[in-house]
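Letter by letter, the chains look like this.
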Amino acid sequence: MTSASTSDRLEAIRRAAGDIPLDDAEVVAHLGRFEASYVGDVVPRSVVRHLLMLRRPPRTGEIASRVTPRSGEEESRRELDVVTIDTPGLFSRICGVVSLAGGQVVGAHAHTTTDGVAVDTVEVQAPDGVLTSWWARFEGDLVDAMAGRVALRARVDEMARDVGGPPERSVDVTVGQGEAGDEVRIRTPDRLGLLFAVTDALADLRLDIRSARIRTHKGTADDTFVVRSASGGPLDLDQVSQVDLAVRWAVRRLGT
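Attention here is on the structure that accompanies the text. (Residues numbered from 1 in each chain as written. Predicted model: local features only at pLDDT ≥ 70, side-chain atom pairs only at ≥ 80, totals over all residues. Heavy atoms only, no water.)

Topic: the nonpolar core
A general feature of soluble globular proteins is that nonpolar side chains tend to end up buried together.
Consideration 1: Phe91, Leu202, Phe225 and Val247 are the most contacted members of the largest nonpolar core, which has 45 residues in total.
Consideration 2: When residues in this core are grouped by element, the largest group, 7 residues, is from helix α5 (residues 90-100).
Consideration 3: Leaving out residues up to four positions away in the same chain, Val247 has contacts with Val171, Val173, Ile186, Val198, Ala201 and Leu202.
Consideration 4: Counting residues in hydrophobic clusters, the runner-up holds 18 residues, among them Leu22, Val27, Leu31 and Val39. (Core = buried A, V, L, I, M, F, W, Y, C linked by side-chain atoms within 4.5 Å. Buried < 20%, exposed > 50% of the residue type's maximum accessible area, 1.4 Å probe, protein only. Helix = DSSP H or I, 4+ residues; strand = E, 2+ residues; numbered from the N terminus. Contact = heavy atoms within 4.5 Å.)

A short note on the pattern of salt bridges
Consideration 1: Tallied over the full model, the rule gives 20 salt bridges.
Consideration 2: As a salt-bridge pair, Glu35 and Arg228 come within 2.5 Å of each other at their nearest N and O atoms. In this pair, Glu35 is assigned in the loop between α2 (24-31) and α3 (36-41) and Arg228 in strand β9 (residues 220-228), connecting sequence segments 193 residues apart.
Consideration 3: Overall, Glu35 belongs to the partly exposed group, its relative accessible area being 24%.
Consideration 4: The salt bridge partner of Arg153 is Asp200, with a shortest N-O separation of 2.8 Å. Of this pair, Arg153 sits in helix α7 (residues 152-163) while Asp200 sits in helix α8 (residues 194-204), and the two are 47 residues apart along the sequence. (Salt bridge = Lys/Arg side-chain N within 4 Å of Asp/Glu carboxyl O.)

What follows is the structure, encoded as structure tokens:
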């Protein structure tokens, strides 16, 4: 960032922090732990939450989560922050738990620090008529899923079959180079479990999701993932072909 943009960003973060004392040097160090996409993707209020959660680095196997109501939004929509040591399939498991709990991911950003800590923010729409206790149960289910105590693939697929969805299953998969690395963009009719199915397919190929932009408009999901291969290099033609195959298969078989 330029000096002017850095100053503007720091001022926006200070305003978002309110009465929480934040040192500029601490904020700059926090932003420096992420790739450039973090600065553009994450709004100041989320930056503040992430910084506070990362003041105590997570230990192996430890999951820190926080649920925050959306400012000015209805009670049923909140932001879930998850901070833990990055592991393959982490973002996918978060999406799977949301589906099983009857919620819907309406937006998400997944980022990883340079020293391997995953910092994911998922905007979740809870089912109609839920109480505050739903969010506490949801966080408990997330811990169980992270510990491998939930058969996510089987349960999400079973629920998707019971709930049903649009009969149209066309999938548009585009893989290309973006500013932050390889980008996988998927456009397809939305349905329960879709985000889990797609991210699970990417995890099965040992692709690390570095960031994610989740959008749904008029029943169509338009999601973009910045991914990194296990080798750290760009995806070759064979890997691109496998991504296309895996994502199309996962979407078409979901709930069938």
